[in-house]
Amino acid sequence: MNNGKGLSVTGLVLGIVAVVLAWFYMVNIVALVCGIVGIICAAKGKGMAKAAGAPTGLGTAGLVLAIIGTVLAGIGFFSCTLCVLCAAGTAGLL
């Protein structure tokens, strides 16, 4: 029976990648995608583990990290994009 461990680990890894990449401007869109996919994988893995009666710690950790990474990447992407657009507008490039 599948206990969701693979999906939970995938969600955890994608959550870690999302948190790390969220701090860099030009790649935080990649972090945003990794975070969203990580949330989906971790939630499915956690649900499968719960249904199989297996521990859900990996799924929970992956879900938390993926949510944090997604939020940080979203804030970083939109705030840095806004800052670049304002600077370009001030310089007369837009």
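Residues numbered from 1 in each chain as written. Predicted model: local features only at pLDDT ≥ 70, side-chain atom pairs only at ≥ 80, totals over all residues. Heavy atoms only, no water.

Trainee: Give me the lowdown on the overall build of the chain, citing residues and values where you can.
Mentor: Across its full length, the chain carries three helices and zero strands. When the helices and strands of the chain are listed from N to C terminus, the series reads α-α-α. Split into buried and exposed, the 94 residues of the chain put 29% on the buried side. When contacts within the chain are restricted to residue pairs at least 6 apart in sequence, those whose partners lie at least 24 apart make up 72%. By element, 80% of the accessible surface of the chain is carried by carbon and sulfur atoms, the whole surface being about 5500 Å². (Helix = DSSP H or I, 4+ residues; strand = E, 2+ residues; numbered from the N terminus. Buried < 20%, exposed > 50% of the residue type's maximum accessible area, 1.4 Å probe, protein only. Contact = heavy atoms within 4.5 Å. Areas by Shrake-Rupley, 256 points an atom, 1.4 Å probe, with all protein chains shown as cover.)

Trainee: Let's hear about the packing of aromatic side chains: which residues, and what values?
Mentor: Scanning the entire structure with this criterion turns up one aromatic pair. A centroid spacing of 5.2 Å and a plane angle of 70° characterise the contact between Phe77 and Phe78, whose relative ring orientation is edge-to-face. Given a relative accessible area of 25%, Phe77 falls into the partly exposed group. For Phe78, a relative accessible area of 56% translates into the label exposed. (Phe/Tyr/Trp six-rings, centres within 6.5 Å; stacked < 30°, edge-to-face > 60°.)

Trainee: An account of helix α2 (residues 28-52) is requested, with residue identities and associated values reported.
Mentor: The first and last C-alpha atoms of α2 sit 35 Å apart over 25 residues, in line with the 36 Å expected at 1.5 Å per residue. Residues Asn28, Ala31, Leu32, Cys34, Gly35, Gly38, Cys41, Ala42, Gly45 and Ala49 constitute the buried set of α2. Once α2 ends, the next one or two residues include Gly53, with phi positive near 80°. (Expected span 1.5 Å × (residues − 1).)

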